[in-house]
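A structural walkthrough
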Amino acid sequence: MQRVRSKWSKTKILMKNEHLLPYVPHTKRYSRSSLSSMLEQYGMVYVKPISGTHGKGVIRVEYLPEKSSCRYQINNTIKSCSTFNDLHQALLAYTHKKKYIVQKGIYLLKHHKRRFDIRVMVQKNLRNKWETTGIIGRLSHPERIVTNYHNGGTMISFEKLLSEHLSPATIAGYKSDLRRLGAEIGRQLSTAYPRLKELGIDVAIDKKLHPWVLEVNTKPHPYVFRMLKDKSVYQKIRRYSLAYGGMKGKSK
């Protein structure tokens, strides 16, 4: 099985597919100039370590025009800077040791005033075709900027999260669209990384209900799907994973 750690490498492959481009947020390698230009363009961006996992090191950065100042948050710490130069200098404490990307910020939908995104599990099935096998919501900790389970996030059903925003019939159609998107991402990444077998795709949904692919994890944790009421979802994920050696026969 193949693992690809670089967020930048995976993003570049996705951007080669014109059908996926509308779902990939504008992303650049981090630099002083790219941070400045993207903050000016979008007002809010995320600065991410290229090879980080579990949301570690992710920084949310905002420009506050009404105050002519900037603000950034990492974990549950929020700090303000009076000038862009001060902001850049402050971020050097995190960015000078590792390679980072800067990504257009997506204002996520909320559930009970907490941000959420969606984890889409995509696997090679028993016919060696990409198939979306699980979709689950991830509700952020009230004080955190990321939704990861390892950072205090709560796993919750997709249907429950979207029930405040869409009708049941529309939710079913939206879920089908995410399934197709997941399989397409698998096929596209396989053009560069043919030994991939499973993907955990983090999808943000903005306030206009447009989905955005925030990140693709090539070593996802399938065990979160055990939390779903529908146990057949995890059973299928486990069956496929055992077939290609992902779980290595771990117990249910």
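Residues numbered from 1 in each chain as written. Predicted model: local features only at pLDDT ≥ 70, side-chain atom pairs only at ≥ 80, totals over all residues. Heavy atoms only, no water.

Thoughts on empty space enclosed by the protein
Using the criterion set out here, one finds one cavity of 30 Å³ or more in the structure. In this structure, the largest cavity spans a volume of roughly 90 Å³. Lining the largest cavity are Lys7, Lys10, Thr11, Leu14, Val24, Pro25, Ile101, Gln103, Val213, Leu214, Glu215 and Val216. Counting residues per element, the ones that place at least two in the lining of the largest cavity are α1 (7-14), β6 (100-104) and β12 (211-217). A class-by-class count of the residues in the lining of the largest cavity yields seven nonpolar, two polar and three charged. (1 Å grid on protein atoms, 1.4 Å probe; cavity = no way out; pocket = protein on both sides within 12 Å on 5 of 7 lines; lining within 4 Å. Points joined across faces, edges and corners; volume = space filled by probe spheres on them. Helix = DSSP H or I, 4+ residues; strand = E, 2+ residues; numbered from the N terminus. Nonpolar A, V, L, I, M, F, W, Y, C, P; charged D, E, K, R; others polar.)

Overview of the nonpolar core
One finds Ile118, Phe158, Leu162, Ile185, Leu199 and Ile201 to be the most contacted residues of the largest nonpolar core, which totals 32 residues. Of all the secondary-structure elements, those providing two or more residues to this core are α1, β8 (114-124), β9 (130-139), α4 (158-162), α5 (168-190), β11 (198-205) and β12. Looking at this core, the element that brings in the most residues is α5, giving six residues. Look past the residues within four positions of Ile201 in its chain and what remains in contact with it is Ile118, Arg119, Val120, Val122, Gly182, Ile185, Val213, Glu215 and Val216. Met38, Val45, Ile59 and Cys81 belong to the second-largest nonpolar core, a separate cluster that totals 16 residues. (Core = buried A, V, L, I, M, F, W, Y, C linked by side-chain atoms within 4.5 Å. Buried < 20%, exposed > 50% of the residue type's maximum accessible area, 1.4 Å probe, protein only. Contact = heavy atoms within 4.5 Å.)

Points about the pattern of salt bridges
For the structure shown, the criterion picks out eleven salt bridges. For Arg119, the salt bridge goes to Asp202, with nearest N and O atoms at 2.7 Å. Linking Arg119 in strand β8 with Asp202 in strand β11, this pair joins segments that are 83 residues apart in sequence. Judged by its relative accessible area of 7%, Asp202 is buried. Several salt bridges share partner residues, and in doing so they unite Asp117, Arg119, Arg138 and Asp202 into one network. (Salt bridge = Lys/Arg side-chain N within 4 Å of Asp/Glu carboxyl O.)

Coordinates in, geometry out; function isn't part of it.
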